[in-house]
Amino acid sequence: MTAFFDVLLGGVFHASVLFLVAAGLQLVFGVQRIVNLACGSFYALGAFFGITAVNWSIAHGAPPWTFLPVLVIAGIVLGAIGPAIELLLRTVYKRDEAFQLLLTFALVLMFQDVLRFFWGANPQQLGNLSMSYGKIAIGAVSFPTYNVLVMAASVAIAVGLGLFLSRSRYGRILRATAENREMAEALGADVRWIYASVFTLGTMLGTVGGALVVPTSAASLDMPVELVVEAFAVVVIGGLGSMRGALVGALIVGLTRAAAISFYAELEVLAIYVIVIAVLVARPAGLFGKPVE
Amino acid sequence: MSGAVPQRRGLLLAFVAVAIVVLAAFPHIAATYYVTLVLPAFAYAIALLGFNLLFGTTGLLSFGHALFVAIGAYCAAVLSSRVGVKSLELILLASSVAAVVAALPVALLSVRYVRIFFGILTLAFGMLFHSFLFKFYDLTGGDTGIRVLRPTILGMDFKELDKTAFLIGPFYYACLLLAVVLGVVMWRVVHSPFGLHLAAIRENPIKAEYLGVRVRRFRLLAFLISAFYCAIGGVILAVNTGQADPELAYWTHSGELVFMTVLGGFASFFGPVVGAFTFVFLKSELMGLTQYWRFCLGATLAVIVIVFPRGLIGLAKDASRKAAKR
Amino acid sequence: MSTASTLIETVDVGKAYGSFVALDGVTLSVKGGELVSIVGPNGAGKTTLVNVLTGLLKPTRGVVRFKGDDIAGIGPVKLAKRGMARAFQLVHIFPAMTVAETIGVAIVSQTGRSLDFFSSVRGDAAVRRRVEEVAGIFGLAGKLDSESRLLSQGEKKLLDIASAFALVPEVILLDEPTSGVSSGDKHGIMKTLIDAAERASVKAIILVEHDMDLVAEYSSRIVALQGGKVLADRAPADFFSDPEIVAAIVGRKVGKVARSLA
């Protein structure tokens, strides 16, 4: 029974982090129609920078328990690279999607070495810091408090994003621009600013996700390319452009992966992709996506 | 039909003839190191000729075609080191057939979509295969992969030659011959009625349907042909390195295929070939110059995408047009 | 255009989308030698009817037949093979392909050579001759090697229609072929179309048009739709001599030609 809960909670934790990255992807795709292959690079950047930030803050006397807020702040601060990257992508907005995709691939390649340059080739960790919040025990099951906090944070962000997109003025303008760019522009929306801010928000979600995951695993140079695989599975299952899809897709992928690892390790990624393909056969647009083609 | 000016055709043919002669003489005039680089260049040139039938001619961008390169490599490995089949001709045939068979379900599913969805779906299939190769250690050798033993060419095993001598000797010329033959075949296909229909599908699939073109079926056929070519490229790569490993199927390898094609020029027939050679040599030089060669490659791709989307051939065409005007 | 057999017909065709009825019991037939114009205000069901006639939509009621065969929902490719071609109101071209290549696509498809992987389409003299023939009918002979995207809007329209004609269809359906064309050129285009139809052995033309002068001058029969039903199905003289029909469809004074028929 404990094993079952471990798998469940482990899967949901992984899903929480995946959701953040996927939400960033969906936001950017929904508004700008760009699929960002470099989402994994932002994630890895968040992870490495998060470690640096925590180590720095502890070296400067901050008590260990502050590492969670430090990670979050580090992730948000990193969002500052968003506008610069968006400017680069702006050069290919009017072109065929293939070129936009390729440009994000170029970013992936470049970021690999940027990470290598600043942090070297070896994986990095935060040691046992995640345990400094202790564990939460419910009956016979105990789970690190840190993980629970991250899951809660993810839910809070999901709810916040949802409310923000549906209720706020900015959210409405976003949705209008996503629906019909020319019309939104004609109605006075500053599309350039919207694109820049959306991309930055999407980037931030990725960097925060990477920062939050790092206490429980390691930051490595494999992260950028490996995350893309799962993040894409999430958005394909959930449906490109849909936030709800990101949530449901993340849960499906997170839980499948956790289950696969514990029962039959070889099946890990295989299982996820079988589900991806099955969903696409049954519902080509994903579970919540709008049908295209 | 559309007239490429006869002089230009003649010039093109002359160029190609010179290139073939240079390539044939290369092992005798260049340093061994550079000759060994030409082998993966041949491999990618062939693979990309196939890939570009799908991308440049039919307009479908796949981010998973490394899957078929990997199938070619693993077939060569399994046949040579596990089944004992050493004939290069048989290996090429079996690998390409295997790739086409594998491509059928992938294509059937994927051609229902276009554009970004097609790209993501093909990426998914590529990674599915990668995870299979990576995890099923007993079958596929896991992350080490499977060894590829030296094949026989036309029945001859060239026992007296060491590995390098074999590769830059008989194998080199076999690959050159393959590249030329497969190139001619692809040229015919692209300029055939079938090729014309593929171009129509790329330009405007709706109108193409109204002119009686079976869009999905032809996309499928283009996909199958591209898989065939990629597998042959994979065989060459595998024989060259002596190993089939799962990273051949990783999505970033698929990304490199696209990179090379766009680098050379996706809108021209020879673009992919130019791209393959350029990329292989560029990557090798960069790796020797700096440990941050990935960054350099990425930056190169960014520059191509932003400034020279029609690639090197596009640049050359623009330059010759300007020169002609003077 | 000489045969008088029924080429395409609908029998009591209806198309409903849930509670919205787009077509309500439309019966019409087109015979060889006719030029039938479909007219009606926007929302009358013209587009739906055209989509049913060209096998794009399956009617929810009734039958649609082409040369006696049921063609409900068969789709554009099968339709083209059976002998009906369609050109759209919105111009469809192959931007990067030349005029010759565009027409060539139709010719190659029509002669069943789609799966020919190896012969050179460029060097094929027979194809080239046919391309020149079709291009000549539409006045595009001088632009054979120009890329389609470089043509003027009018030329693009002609190319779109020319490629449809190159399919050697028995029936061709033209969706507002003169829209976006200046009124001076409209008659020229209509004459070109009719001339082309004769030379290409097209047996019948179905026209969707808003310009009532053209309709009055060139149609052998006018089918007026209103609210998904057939309001009238008559020869122009009959059509324009009935003031109620004229008022319903046109809603205002008609041009010189139509009045002279009344």
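The rules behind the values
Residues numbered from 1 in each chain as written. Chains lettered and ligands numbered in written order. Predicted model: local features only at pLDDT ≥ 70, side-chain atom pairs only at ≥ 80, totals over all residues. Helix = DSSP H or I, 4+ residues; strand = E, 2+ residues; numbered from the N terminus. Rg over C-alpha atoms; globule rule 2.2 N^0.38 Å. Buried ≥ 20, exposed ≤ 12 C-beta atoms within 10 Å, placed from the backbone. Pairing = 2+ DSSP bridges. Axes fitted to C-alpha atoms, helices over the stretch in contact; angles between N-to-C directions. Parallel < 35°, antiparallel > 145°, perpendicular 65-115°, else oblique. Left-handed = near helix turned anticlockwise from the far one by under 90°. Contact = placed C-beta atoms within 7 Å. Nonpolar A, V, L, I, M, F, W, Y, C, P; charged D, E, K, R; others polar. pLDDT = per-residue confidence, 0-100. Expected span 1.5 Å × (residues − 1).

> An account of the overall build of chain B is requested, with residue identities and associated values reported.
Regarding its fold elements, chain B presents 14 helices and two strands. Taking 326 residues into account, the globule formula puts the C-alpha radius of gyration at 20 Å, and chain B, at 20 Å, falls close to it. Oriented by its inertia axes, the alpha-carbon framework of chain B measures out at about 55 × 45 × 40 Å. Residues classed as buried in chain B amount to 53% of the 326 residues present.

> A description of the sheet that holds strand β3 (residues 35–39) of chain C should follow, citing residues and the corresponding values.
Residue and element names in this part refer to chain C. With respect to topology, six strands assemble into an open sheet ordered β6-β7-β8-β3-β9-β10, the strand pairing being mixed. Only two strands of the sheet have a single partner each, and these edge strands are β6 (84–87) and β10 (229–234). With strand direction ignored, the average angle separating the axes of adjacent strands in the sheet is 15°. One ladder, built from five bridges, connects strand β7 (residues 171–175) with strand β8 (residues 204–208); its direction is parallel. Following the sheet pairing, L174 is matched in β8 by L207.

> Before we move on, could you go through the packing of helix α10 (residues 223–238) of chain A against helix α5 (residues 115–135) of chain B and cite the residues and values that matter?
It is at 11 Å that the axes of α10 of chain A and α5 of chain B come closest, and there the two elements cross at 130°. The angle between α10 of chain A and α5 of chain B places the two elements in the oblique class. α5 of chain B is crossed by α10 of chain A, and the crossing has left-handed handedness. Along the contact surface, α10 of chain A presents V229, F232 and V236 of chain A, while α5 of chain B presents I120, L123, A124 and M127 of chain B. Classifying every residue of the contact of α10 of chain A with α5 of chain B by side-chain character gives seven nonpolar, no polar and no charged.

> Tell me about the confidence of the model for chain C, and name the residues and values.
Residue and element names in this part refer to chain C. Chain-level pLDDT for chain C is 85 on average; 94% of the residues reach the 70-or-more range. The lowest-confidence element of chain C is helix α10 (residues 256–261), averaging 52 in pLDDT; the highest-confidence one is helix α3 (residues 99–110), averaging 92. Taken over the whole predicted complex, pTM reads 0.91, whereas the ipTM for its chain interfaces reads 0.92.

> I'd love a proper account of the interface of chain A and chain B, names of residues and values included.
For interface size, the figure often reported is the accessible area lost on association. On the chain B side, the residues contacting the 34 residues of chain A number 35 residues. Elements supplying a minimum of two residues to the side of chain A that touches chain B: α5 (97–119), α10 and α12 (268–282) of chain A. Among the elements that make up the side of chain A that touches chain B, the one with the highest residue count is α5 of chain A (15 residues).

> Provide a residue-level description of α3 of chain C, including the pertinent values.
In a regular helix each residue adds 1.5 Å, so twelve residues correspond to 16 Å; α3 of chain C covers 17 Å between its end C-alpha atoms and thus fits that length. Most of α3 of chain C is tucked away: twelve of the twelve residues are buried. For α3 of chain C, the set of buried residues is V99, A100, E101, T102, I103, G104, V105, A106, I107, V108, S109 and Q110 of chain C. Its buried side turned inward, α3 of chain C meets α8 (193–203) of chain B together with α4 (125–137) and α5 (153–165) of chain C. Count one or two residues on from α3 of chain C and you reach G112 of chain C, which has phi positive near 70°.

> Requested: an account of the interface of chain B and chain C, with residues and values cited.
Facing the 23 residues of chain B at the interface are 35 residues of chain C. Those elements that place two or more of their residues in the side of chain B that touches chain C are α7 (163–190), α8 and α9 (205–210) of chain B. Of the residues forming the side of chain B that touches chain C, the biggest block, seven residues, is contributed by α8 of chain B. Residue classes in the side of chain B that touches chain C are distributed as eleven nonpolar, seven polar and five charged.

> Give a detailed account of the sheet that holds strand β4 (residues 61–66) of chain C, specifying residues and quantitative values.
Residues and elements named next belong to chain C. Taken in spatial order, the four strands make up an open sheet running β2-β1-β4-β5, and their pairing is antiparallel. The open sheet has two edge strands, β2 (20–31) and β5 (69–70), and neither has a second partner. Judged from the five bridges that link them, strand β1 (residues 6–17) and β4 form a sheet pairing that is antiparallel. If you follow V11 over to β4, its bridge partner there is V63.

> Break down helix α1 (residues 46–53) of chain C for me, citing the residues and quoting the values.
Counting buried residues in α1 of chain C gives six out of eight residues, a clear majority hidden from the surface. Those residues of α1 of chain C not exposed but buried are K46, T48, L49, V50, V52 and L53 of chain C.

> Pulling in residues and values, what's your account of unusual backbone geometry?
Backbone geometry places R33 of chain A, a non-glycine residue, at a positive phi of 60°. Of note in the backbone geometry, V168 of chain C takes a positive phi value of approximately 50° without being a glycine. With respect to the helices, strands and loops of the structure, V168 of chain C is situated in the loop between α5 and β7. Its 17 C-beta neighbours within 10 Å are what place V168 of chain C among the partly exposed residues.

> Give a description of the packing of helix α11 (residues 251–264) of chain B against helix α12 (residues 271–289) of chain B that names residues and reports values.
Residues and elements named next belong to chain B. Running from N to C, α11 and α12 cross one another at 115°; their axes reach a closest spacing of 6 Å. Classified by the angle their axes make, α11 and α12 are roughly perpendicular. As for the relative orientation of α11 and α12, their crossing is right-handed in sense. Taken together, the residues of α12 that come into contact with α11 (itself represented by F259, M260, T261, L263 and G264) are G271, P272, V273, V274, G275, A276, T278 and F279. Here the residues of the contact of α11 with α12 are counted per class, giving eight nonpolar, five polar and no charged.

> Pulling in residues and values, what's your account of the arrangement of the chains?
In this assembly, two pairs of chains are in contact, and the pair contributing the most contacts is chains B and C. One finds no contact linking chain A with chain C; the least C-alpha distance across the pair is 14 Å.

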